[in-house]
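Topology and contacts: notes
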Amino acid sequence: MQEWLETLTVWTGQLSGLLWGSYLTLIALVGTGVYLTFRLRLVQLRGFRHGAALITGKYSDPKHVGEVSHFQALSTALSATVGTGNIAGVATAISLGGPGALFWMWVTAFFGMATKFAECSLALKFREVDPDGKVAGGPMYTLMHGLKMKRTAAAFATFALIASFGIGNMVQANSVVDGLTYIWPEVSEAAWMVGVLLAVLVGLVILGGVKRIARVASTIVPFMAVLYIAAALLVLFNHLDQIPAAVALVLNYALNPWAVGGAAVGEAIRWGVARGLFSNEAGLGSSPMAHAAARTNEPAREGLVAMMEPFIDTLVICTMTGLVIIVTGAWQTDNEALVGAALTAHAFSESLGDSGAMVVGFGLALFAFSTMIAWSYYGDRSAYFLFGERAVVPYRVIFTLLVVIGAAVPLQLVWNVADIMNILMALPNLLALILLAGVAARIKHEYFSRTPLPDDETLQSRTNNA
């Protein structure tokens, strides 16, 4: 049995590496974002200011259909995206692809903003609302109602359901233990106890449904983001004079094959794009399920809110992590044990001492916990789509119990399967985005053509003329 599991781990690892390391996969994900950027006429620039105003609740209407506010929907989605990718993913990208990988993460985020707008606007348009006001939406409903592809919709929901137990549950529980171990090494000896406590906390949140998840997420996400960014800013302030050189280094490694070699630039593109997509999940189809629950009758509004995700996740938080790793010189370390989150912790501790490593450890634990509660909702909606209301409570119970296992068991096989499921989720979602790009463009144009935008009259005028 043990030998069979080891073989399966190797095979799934090879397949996962092939899928995520393939330029075809990366071109499909980023290429869709490029196509949507032009089809939506640079909505990430033209709608940025209005999207920020929507998050504040400026245009909210309590009479509209939905279960949570714009801010709560964004917080829930960010709970899933802001996580290990921001701490371990950036470090891995820079370790394997050099400083230039950070630039390609920026590129991925920029085009990913258009992807988020499209997939979340469509999720609002094609969502279902039952007589009690409960909402169900996401790529499976977009595929079913927008394209009449029931089997493809079921396939997406199946992949998302499996992924929720892996990337959204067990690997995150393991990350919580890893994060706490950075602070208190003895925690690794009591992983089962941590798992039980974590399962209780997760269960108390997710058994209350999307409203409770959204309330907790809207509290945790701002707190953890501010804490982490504040620590990163403190490190950067301590190395203020090195920031211009760090930015120049990023651009040089990303764009100058004559200086660093064509192979180095190629690796920067590969790892920057792969980890950028892994971090902000643009095109994977996960966050539309959270945004579909937003209280609004205007699909474009939630699309504008959703496109702030890659900006916050990648252009802000990942950039902070990347610059810290570069300005402290941590990226040049010869210690092979310093990879992923350990490299990030080393970079922070180089400037802030033990407190820097504590911020990373605590941040990793909190990020992972918030990812779990958000992904539980994604799996919840997938189970509902496939099996109906009767499957929701059993799913939540199983999800909670698996937390204990995830906290205490080595999970490379689960990581591999989850990575494969994420790619399989993306394929039907990208198909829907390409085929329904015209619908997304119409949603955007109709909204801006009839909605007064007192916060940005110039934007309204330019969009009406687009």
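Structure: above.
Report follows, based on the coordinates. Computed from a predicted structure; not experimentally measured. (Residues numbered from 1 in each chain as written. Predicted model: local features only at pLDDT ≥ 70, side-chain atom pairs only at ≥ 80, totals over all residues. Heavy atoms only, no water.)

To continue, consider the layout of surface pockets. Looking at the largest pocket, its volume works out to about 850 Å³. Looking at the largest pocket, it is lined by 30 residues, and the ones nearest its centre are Ala88, Thr92, Arg275, Gln412 and Trp415. Classifying every residue of the lining of the largest pocket by side-chain character gives 13 nonpolar, 13 polar and four charged. The computed volume of the second largest pocket comes to approximately 320 Å³. Around the second largest pocket, the lining is made up of 19 residues, and of these Glu67, Lys134, Val210, Arg381 and Arg396 lie nearest the centre. Elements with a contribution of two residues or more to the lining of the second largest pocket: β1 (128–129), β2 (135–136), α11 (209–238), α19 (354–387) and α20 (392–408). (1 Å grid on protein atoms, 1.4 Å probe; cavity = no way out; pocket = protein on both sides within 12 Å on 5 of 7 lines; lining within 4 Å. Points joined across faces, edges and corners; volume = space filled by probe spheres on them. Nonpolar A, V, L, I, M, F, W, Y, C, P; charged D, E, K, R; others polar. Helix = DSSP H or I, 4+ residues; strand = E, 2+ residues; numbered from the N terminus.)

We describe a pair of aromatic rings using the distance from one ring centre to the other and the angle between the two ring planes. Applying the stated criterion across every chain yields a total of 12 aromatic pairs. Ring plane angle 75° and centroid distance 5.3 Å describe the contact between Phe110 and Phe111, whose orientation is recorded as edge-to-face. Classification of Phe110 as partly exposed rests on a relative accessible area of 26%. A centroid spacing of 5.8 Å and a plane angle of 65° characterise the contact between Tyr228 and Phe367, whose relative ring orientation is edge-to-face. Within this pair, whereas Tyr228 is found in helix α11, its partner Phe367 is found in helix α19, the two being separated by 139 residues in sequence. Taken together, the ring pairs connect Phe103, Trp104 and Trp106 into an aromatic cluster. The side chain of Lys125 reaches across the aromatic face of Phe126, ending 5.8 Å from its centre. Taking NZ or CZ as reference, Arg381 lies 4.8 Å from the ring centre of Tyr384, over its face. (Phe/Tyr/Trp six-rings, centres within 6.5 Å; stacked < 30°, edge-to-face > 60°. Buried < 20%, exposed > 50% of the residue type's maximum accessible area, 1.4 Å probe, protein only. Lys NZ or Arg CZ within 6 Å of the ring centre and 35° of its normal.)

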